[in-house]
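Structural overview
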Amino acid sequence: MLDFGCAPAPDQSLANRDLLADLASAPIDENPSANEHVKIWDFARGGVRRPCLVTIAPSEVGFELDGSGETGKLTFHLGMPFNLGDGAEARIYLEEEGKRTLIFSRVLDPARQRPDRDWIPVELELPRRSGLRLIFAALPTSGDLTGDWIIWGEPRLSLPRSNP
Ligand SMILES: [Ca+2]
């Protein structure tokens, strides 16, 4: 599992936090084998190429949210890069004091469901509390792991300005 600090820009009314930049600079502190299943790569879906956080099922990656007591909006474009296998499930959890709450779930099956071959834009409002951890997870929907790559295109957090 990876953990990250957050450094929102203090002079902006809305700080955009690029989660891919966080991942690229993160120290790998736990279970190195799991990181073979978490990558940053570009993928194109529907003719649009985006830099992506990649989670290969079964895997997950976590981000510490800003400790200022305020969080904001999470946006990303969801997809699977290969039209293979029987699909997989994308999930996002919020973790607080070790307890997980599922805030997003989507099963994708691009081999059989044509709409799942395009980017799916997602926007999630996050609660305004400190001490939260955001977890992106890829789960298999069966024993068939063929092509079970979940791609999170351009994941970003918009953080309201912290009051000084
Ligand atoms: Ca599968």
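Bear in mind the structure is a predicted one, so any value in this text is a computation, not a measurement.

Calculation criteria
Residues numbered from 1 in each chain as written. Predicted model: local features only at pLDDT ≥ 70, side-chain atom pairs only at ≥ 80, totals over all residues. Helix = DSSP H or I, 4+ residues; strand = E, 2+ residues; numbered from the N terminus. Contact = placed C-beta atoms within 7 Å. Core = buried A, V, L, I, M, F, W, Y, C linked by C-beta atoms within 7 Å. Buried ≥ 20, exposed ≤ 12 C-beta atoms within 10 Å, placed from the backbone.

1. Considering unusual backbone geometry
- For the bond from Ala-57 to Pro-58, the omega torsion is -5°, close enough to zero to count as cis.
- Examined against the element boundaries, Pro-58 turns out to sit in the loop between strand 3 (48-56) and strand 4 (59-64).
- Of note, the phi angle at Glu-97 is positive, near 50°, even though the residue is not glycine.
- Tracing the chain through its elements places Glu-97 in the loop between strand 6 (88-96) and strand 7 (99-108).

2. So, the environment of Ala-111
- Looking at the secondary structure, you find Ala-111 in the loop between strand 7 and strand 8 (120-125).
- A C-alpha to C-alpha distance of 5.0 Å links Ala-111 and Leu-84, two positions 27 residues apart in sequence.
- In contact with Ala-111, other than residues within four places in its own chain, are Asn-83, Leu-84, Gly-85 and Gly-87.

3. Quick notes on the nonpolar core
- Counting residues in hydrophobic clusters, the biggest one holds 28 residues, and the most contacted among them are Leu-53, Ile-150, Ile-151 and Trp-152.
- Listed by contribution, the elements that provide at least two residues to this core are strand 3, strand 4, strand 5 (73-79), strand 6, strand 9 (132-140) and strand 10 (149-160).
- Examining the composition of this core, we find that 5 residues originate from one element, strand 10, more than from any other.
- Those residues in contact with Ile-151 that lie beyond four places of it in its chain are Phe-43, Cys-52, Val-54, Gly-79, Met-80 and Pro-81.

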